[in-house]
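The primary structure of each chain is shown beneath.
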Number of protein chains: 2
Amino acid sequence: MSKVKFILDESKIPKDWYNIIPDLPFPLPPVYHPVTLQPVKPEDLAPIFPVELIKQEVSTERYIEIPEEVRKIYKLWRPTPLYRALNLEKYLDTPAHIYYKYEGVSPPGSHKPNTAVAQAFYNKLEGVKRLTTETGAGQWGSALAMACNFFGLECKVYMVKVSYYQKPYRRSLMEIWGAKVVPSPSPDTESGRRILEQDPDSPGSLGVAISEAVEDAVKRDDTKYSLGSVLNHVLLHQTVIGEEALLQMEIAGEFPDVVIGCVGGGSNFAGISFPFIREKFKGKKIRIIAVEPESCPSLTKGVYTYDYGDVAKMTPLLKMYTLGHNFIPPAIHAGGLRYHGMAPLVSALYHHGYIEAVAYPQTKVFEAGVIFAKTEGIVPAPESTHAIRAVIDEALDAKEKGEKKVILFNLSGHGFFDLSAYDQYLSGKLEDYFYPKDKVEEALKELPKI
Amino acid sequence: MSKVKFILDESKIPKDWYNIIPDLPFPLPPVYHPVTLQPVKPEDLAPIFPVELIKQEVSTERYIEIPEEVRKIYKLWRPTPLYRALNLEKYLDTPAHIYYKYEGVSPPGSHKPNTAVAQAFYNKLEGVKRLTTETGAGQWGSALAMACNFFGLECKVYMVKVSYYQKPYRRSLMEIWGAKVVPSPSPDTESGRRILEQDPDSPGSLGVAISEAVEDAVKRDDTKYSLGSVLNHVLLHQTVIGEEALLQMEIAGEFPDVVIGCVGGGSNFAGISFPFIREKFKGKKIRIIAVEPESCPSLTKGVYTYDYGDVAKMTPLLKMYTLGHNFIPPAIHAGGLRYHGMAPLVSALYHHGYIEAVAYPQTKVFEAGVIFAKTEGIVPAPESTHAIRAVIDEALDAKEKGEKKVILFNLSGHGFFDLSAYDQYLSGKLEDYFYPKDKVEEALKELPKI
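Basis of the calculations
- Counting of residues starts from 1 at the beginning of each chain's written sequence and follows it residue by residue.
- By the order in which they are written, chains take letters starting at A while ligands take numbers starting at 1.
- Since the coordinates come from a predicted model, pLDDT governs what is reported: local features require at least 70, and pairs of side-chain atoms require 80 or more to be given and counted, while whole-chain, interface and lining totals use all residues.
- Side-chain measures here rest on the full set of heavy atoms in the structure, leaving out hydrogens and waters.
- The helix count covers DSSP runs of H or I at least four residues long, the strand count covers runs of E at least two residues long, and both are numbered beginning at the N terminus.
- When we talk radius of gyration, it's over C-alpha atoms, and the globule rule is simply 2.2 Å times the number of residues to the 0.38.
- The rule is simple: take the accessible area with a 1.4 Å probe, protein chains only, and divide by the maximum for that residue type; under 20% is buried, over 50% is exposed, in between is partly exposed.
- The contact definition used throughout considers only heavy atoms, calling two residues in contact when any of these lie within 4.5 Å.
- Methods summary: accessible areas were calculated by the Shrake-Rupley approach with a probe of 1.4 Å, and residue burial reflects only the protein chains presented.
- His residues and chain termini do not enter the charge count, which takes Lys and Arg as positive and Asp and Glu as negative.
- Taken as the charge location is NZ of Lys, CZ of Arg, CG of Asp or CD of Glu.
- We superpose the copies by least squares over the C-alpha atoms of residues that have a pLDDT of at least 70 in both of them.
- By definition, the buried area sums, over both parts, the 1.4 Å-probe accessible area that each loses when the two are put together.
- Salt bridge, as applied in this entry: a Lys or Arg side-chain nitrogen positioned within 4 Å of an Asp or Glu carboxyl oxygen.
- Under the rule applied, a polar contact is a pair of N or O atoms within 3.5 Å (in protein, one hydrogen donor and one hydrogen acceptor; residues adjacent in sequence only if both atoms are side-chain atoms).
- Here a pair means two rings of Phe, Tyr or Trp (six-membered ring of Trp) with centres within 6.5 Å. Their orientation is stacked below 30 degrees between planes, edge-to-face above 60, and tilted elsewhere.
- When the NZ atom of lysine or the CZ atom of arginine is within 6 Å of a ring's centre and also within 35 degrees of its normal, the charge is said to sit over that ring.
- For a helix, the expected span equals 1.5 Å multiplied by the residue count minus one.
- UniProt positions are given in the numbering used here, feature names are shortened, and annotations may be inferred rather than shown by experiment.
- Here, any two strands with at least 2 DSSP bridges between them count as paired.
- Lines fitted to C-alpha atoms define the axes, with helix axes restricted to the stretch in contact, and inter-axis angles between N-to-C directions lie between 0 and 180 degrees.
- Note: pLDDT gives the predictor's confidence per residue, expressed from 0 to 100.
- In what follows, roughly perpendicular refers to angles from 65 to 115 degrees, roughly parallel to angles under 35, roughly antiparallel to angles over 145, and oblique to any angle outside these ranges.
- Each residue receives one of three labels: charged for Asp, Glu, Lys and Arg, nonpolar for Ala, Val, Leu, Ile, Met, Phe, Trp, Tyr, Cys and Pro, and polar for the others, Gly being one of them.
- The domain limits used here are those given by an automatic or database domain assignment.

A word on the overall build of chain A
When its secondary structure is counted, chain A shows 18 helices and 15 strands. Its C-alpha atoms give chain A a radius of gyration of 20 Å, within 12% of the compact-globule value 22 Å for 450 residues. Taken along its principal axes, the extent of the C-alpha atoms in chain A is 60 × 50 × 45 Å. Burial analysis of chain A (450 residues in total) assigns 65% to the buried set. Restricting the contact set of chain A to residue pairs at least 6 apart, pairs at least 24 apart contribute 76%. When the accessible surface of chain A is totalled, it reaches about 15,700 Å², and 52% of it is carbon and sulfur. Measuring between centres, the 51 positive side-chain charges of chain A sit 2 Å from its 56 negative side-chain charges.

Spelled out as structure tokens, the structure:
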């Protein structure tokens, strides 16, 4: 019988995170201050991030040691398993070999705690008592809640109000781990109060929640802010995924021809792909594909330019693929992919032609999700189904061409908190939102001039 | 650093299930036919179960080979990890070593697919096209839905109506895997129609759902019925849990002084404990503890006698600890433990003093569940929190006595579908239902005379 699972002993949890920056064959554009429009200095970030994370954000060291305290917590779910999707291959009748790295085994059910635990650790180390963050659907918020709990930090999560009421389960999860969760806009911050005065029934948005979380952190000496994607240090922490996958593919005796991940802010995609891009820089032939929603197509339809990370223009200006910071993506179920921008590192790699990108509408990705659940058992998160759709299409292409092809993808999380979306899909009620050209063109008019 | 996870390669998935019957130091009481009151003959069961499962039900072979096709599907989640709960030990400041076997890594999130896959396989082998079953909260129904999907069998699940509407997520999960799920009582069976005529708004019960599923199976030649606990063959299939745990404890270099599992019908408890009871029969000193809800205390407050497995008196008469087949347990959140009876094998072992039993009210078990989530990360299913409560009390007892004690328990599933119950607990709204003495005494008056 062929092997299905490639597991690693916990002694094989990577000892270092891989920092791709020194290996880039092009310079990474600087980051600008949102007010002065001058390049950001590390000390500008000190009110919101601890020193060690700011250092990592700009580090040119290729490997950054993972602290023992972080590796100890990683042991609760890492190394995550690598699977060969034999049933899916059989169903597709493809000569392709399909492998997936499964990050849904972490307690909150996604890859997010890989960075949450690291961020909580460095904050604790520097005497921070309390972290704030925003969350939409709740994947990130629950990961940070668990991480803060392990290090005895208070955690306050500003949860987009509409999700707070529609997705009470993720909120409960955060509360079990001891986090304080409030619906955003909240009366707890000036930004929140300002919006509530204008519209007491405001459903909130990620942009507003970010403003609240940052304001909270800036105003209190004992508090810092934590972000779940986009920034270099966040992507750095996720590289444990790809480093483990490299070892596991070696055990499987194959090397991928294609590596695939879904992209929202870019963190799970970077996690699986950066260690393979390192091999590509060294000369390995390998394609890397980022998969995004057709309704929020930053890479495939966005512009590579400087933009704000948030609606309130509080974040530094990042050079990235963007649909405009005022663009509000349609309410697709893959909440984790509803972001107007893209991680600067992922953006630069795409701009310079080291990675490809493809976009799908949501009915096509849910179709892939159901095929995956029926063949491999695991019900994937809506975000992850984007990657699966591209994997299936690559495998069918291999079948058509009669090519053996080795495909690896990141199954970033499970779909247990998204079953109502599957319900809508199965009952034929799931709507597709195609590329909202007019809204994007409108939003792109408001790009900062730099 | 101490080791946290003890993992096994998939080649170590047990090759045999362990049948405890030939090792019992006492005879197992016969099973009686519900109508003739004569001992049940294998052929009496043929309309509802395939021949191979009936053989397993009465087998006196110590080991029964696990078919390759079943082991192949087991590979999707087995061997499950064994964890050392170092964080929990530290939190309790106990000299005890605490280990847990985690069955929540299966795609439906519990131990149930260990038998669901085996049952679907044997039915498929004998040409059955369709399986029926009942489900309450949905753990069992979703496991069977997945198993049927893998073998191309149709699956019809009669889901207790109140759960069907209150727990739509488990229903969606079954539907993703292709099962047909109807709220019970349904208009699809005579038993269902009879109840709907009397009360169109009947909330349903597990007893009614069993009657519907059995009737459906008996009436159609292409259909058989599948049960998720209680019977010998179901417990047999779960012994993979304990067999793996034995190997993993060996790697950990310890042997448990105490093995703990929660009990409803008895299947996860049997799964973890029977292989250790085999060692006990051989002379090993080991305590085995079954943990049940105080509101449904079959072992600690029930009577060891013959009773029906269901309210409708359609099942054979089993000698077991029972609270009376008419006893409807209070609506505690651990739906999987709301059963009036107990597996005959577990009952006999308790009666003869080979295992102990303890009962807890639900606020005490949710308290344990939150402690576990905060120390070990994983949010346990309400059923599993019963085991955790007993583990914590054993560990605190070891602390008081300054005893080193090795404790092993089965973490039978995760609590992602039960977060509203945690929400109630955290907000102080969770009610306790203590032992309902009057209702049990009433129900015990209606025991069959045999």
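After that view of the structure, there is still more to cover.
Let's talk about the relation of the copies chain B and chain A
When chain B is fitted to chain A, the best match, at an RMSD of 0.0 Å, comes from turning it 180° and sliding it 0.0 Å along the axis. Look at the turn and shift together and you get a two-fold axis relating the two. An overlap of 100% is found between the interface residues of chain B and their copies at the interface of chain A, pointing to a shared contact surface.

Comments concerning the interface of chain B and chain A
Taken together, the 47 residues of chain B in the interface contact 47 residues of chain A. For the chain B and chain A pair, buried surface summed over both sides reaches about 4,300 Å², with 60% attributable to carbon and sulfur atoms. The tally of links from chain B across to chain A stands at four salt bridges. Of the charged contacts in the structure, one is a salt bridge between A:D9 and B:K3, with a shortest N-O distance of 2.3 Å. For the pair chain B and chain A, the number of links is 22 residue pairs in polar contact (both at pLDDT 80 or more).

Re the packing of aromatic side chains
Using the criterion set out here, one finds 43 aromatic pairs over all chains in the structure. Measuring from ring centre to ring centre gives 5.3 Å for B:F281 and B:Y354, while their planes differ by 80°; the resulting arrangement is edge-to-face. Here B:F281, found in helix α12 (residues 267-281), pairs with B:Y354, found in the loop between α14 (344-351) and β14 (356-360); they are 73 residues apart in sequence, far enough to count as distant. Within the aromatic cluster, the residues linked to one another by ring pairs are A:W17, A:F121, A:Y122 and A:F151. Against the face of B:Y164 rests B:R171, its NZ or CZ located 5.0 Å from the ring centre. For B:K284, the ring lying beneath its charged end belongs to B:F255, and the centroid distance is 4.3 Å.

Notes on helix α9 (residues 206-219) of chain B
All names here are of chain B. For α9, with 14 residues, the first-to-last C-alpha span of 20 Å sits near the 20 Å given by 1.5 Å per residue. The buried count for α9 comes to eleven of 14 residues, which makes it a mostly enclosed element. Of all the residues in α9, the buried ones are G207, V208, A209, I210, S211, E212, A213, V214, E215, D216 and A217.

Examining helix α15 (residues 362-376) of chain B
Residue and element names in this part refer to chain B. Here α15 is 15 residues long and its end C-alpha atoms lie 20 Å apart, about the 21 Å a rise of 1.5 Å per residue gives. Judged by how many residues are buried, α15 sits mostly within the fold: eleven of 15 residues are covered. Two residues or fewer past α15, G377 is found with a positive phi of approximately 95°.

Describing unusual backbone geometry
All names here are of chain A. Here the bond from R78 into P79 is cis, since omega is -10°, no more than 30 degrees from zero. By secondary structure assignment, the location of P79 is in the loop between α2 (68-74) and β4 (82-84). Each neighbour pair has its own omega, and for S184 with P185 the value is 5°, a cis peptide bond. Here P185 shows up in the loop between β8 (180-184) and α8 (190-198).

What about the UniProt feature "modified residue: N6-(pyridoxal phosphate)lysine" (unreviewed entry) in chain A?
Residue and element names in this part refer to chain A. Sites flagged by UniProt as "modified residue: N6-(pyridoxal phosphate)lysine" (unreviewed entry) map to K112. You can call K112 buried: its relative accessible area is 13%. When residues no more than four places from it in sequence are discounted, the contact partners of K112 are Q139, W140, A143, G228, S229, Q238 and S267.

A closer look at the sheet that holds strand β6 (residues 130-135) of chain A
All names here are of chain A. Reading across the sheet, the four strands line up as β8-β7-β6-β9 and stay open at both edges, with parallel pairing between neighbours. Two strands bound the open sheet, and with one partner strand each, they are β8 and β9 (223-225). With strand direction ignored, the average angle separating the axes of adjacent strands in the sheet is 25°. Relative to β9, β6 runs parallel, the two being bridged by three bridges. Bridge pairing links L131 to K224 in β9. Contacts from helix α5 (residues 139-151) reach β6 and β7 (154-160), with the element oriented near 165° to β6.

Looking at the pattern of salt bridges
Residues and elements named next belong to chain A. Summed over all chains, the structure comprises 63 salt bridges over all chains. Close ionic contact of E10 with K75 constitutes a salt bridge, the shortest N to O distance being 3.5 Å. Of this pair, E10 sits in the loop between β1 (5-6) and β2 (16-18) while K75 sits in the loop between α2 and β4, and the two are 65 residues apart along the sequence. K75 matches E10 in its accessibility class, with the two residues each being buried.

Focus: the environment of A:R170
Residues and elements named next belong to chain A. As for its position among the elements, R170 is in helix α7 (residues 168-176). In the structure, R170 is positioned 236 residues away from V406 in sequence and 35 Å away in space, judged by C-alpha atoms. Residues contacting R170, with those up to four places away along its chain left out, are P108, A137, G138, Q139, S142, M159 and F417.

Let's talk about the sheet that holds β1(A)
By way of backbone hydrogen bonds, the strands of a sheet pair with one another, either parallel or antiparallel. Residue and element names in this part refer to chain A. Here seven strands make up an open sheet; going across it, the order is β1-β4-β5-β15-β10-β11-β14 and the pairing mixed. Each edge of the sheet is formed by a strand with only one pairing partner; in this case those strands are β1 and β14 (356-360). The pairing of β4 with strand β5 (residues 97-102) spans three bridges and is classified as antiparallel. Within β5, the position partnered with R84 by the bridge is Y99. Contacting β5, β10 (258-262), β11 (287-293) and β15 (406-411), helix α12 (residues 267-281) crosses the sheet at an angle of about 160° to β11. The sheet strands contacting helix α16 (residues 382-401) are β5, β10, β11, β14 and β15, and the helix crosses β10 at an angle near 150°.

Some details on the confidence of the model for chain A
For chain A, per-residue confidence averages 95 on the pLDDT scale, and residues scoring 70 or more make up 100% of the total. Of the two predicted TM-score estimates for the complex, the pTM is 0.97 and the ipTM is 0.96.

Observations concerning the pairing of β5(A)
All names here are of chain A. Burial runs high along β5: six of the six residues are buried. Of the two faces of β5, both are covered, the one formed by H97, Y99 and K101 as well as the one formed by I98, Y100 and Y102. Here six bridges tie β5 to β15, and the two strands are oriented parallel to one another. By the bridge assignment for β15, I98 is matched with I407.

Thoughts on the packing of helix α8 (residues 190-198) of chain B against α9(B)
The relative placement of two packed helices is expressed as an angle between their axes plus a distance between the axes. Residues and elements named next belong to chain B. Between α8 and α9, the shortest axis-to-axis distance is 8 Å and the interhelical angle comes to 140°. Classified by the angle between their axes, α8 and α9 sit oblique to one another. Within the contact between the two elements, α8 uses E190, S191, G192 and I195 and α9 uses V208, S211, E212, E215 and K219. When its residues are assigned to classes, the contact of α8 with α9 shows two nonpolar, three polar and four charged.

Here we look at the domain arrangement of chain A
Residue and element names in this part refer to chain A. Examined at the domain level, chain A breaks down into domain 1 (5-12 + 71-109 + 239-445) and domain 2 (129-221). On a C-alpha basis, the centroid separation for the pair domain 1 and domain 2 is 26 Å. On the domain 2 side, the residues contacting the 13 residues of domain 1 number 16 residues. Summing the contributions of domain 1 and of domain 2, the shared interface buries around 1,300 Å²; its carbon and sulfur component is 73%. On the surface where domain 1 and domain 2 come into contact, there are one salt bridge. The closest approach of N and O atoms between K167 and D418, which form a salt bridge, is 3.7 Å. Scanning the region where domain 1 abuts domain 2 turns up one residue pair in polar contact (both at pLDDT 80 or more). When the residues that make up the side of domain 1 that touches domain 2 are grouped by side-chain class, the tally is ten nonpolar, one polar and two charged.

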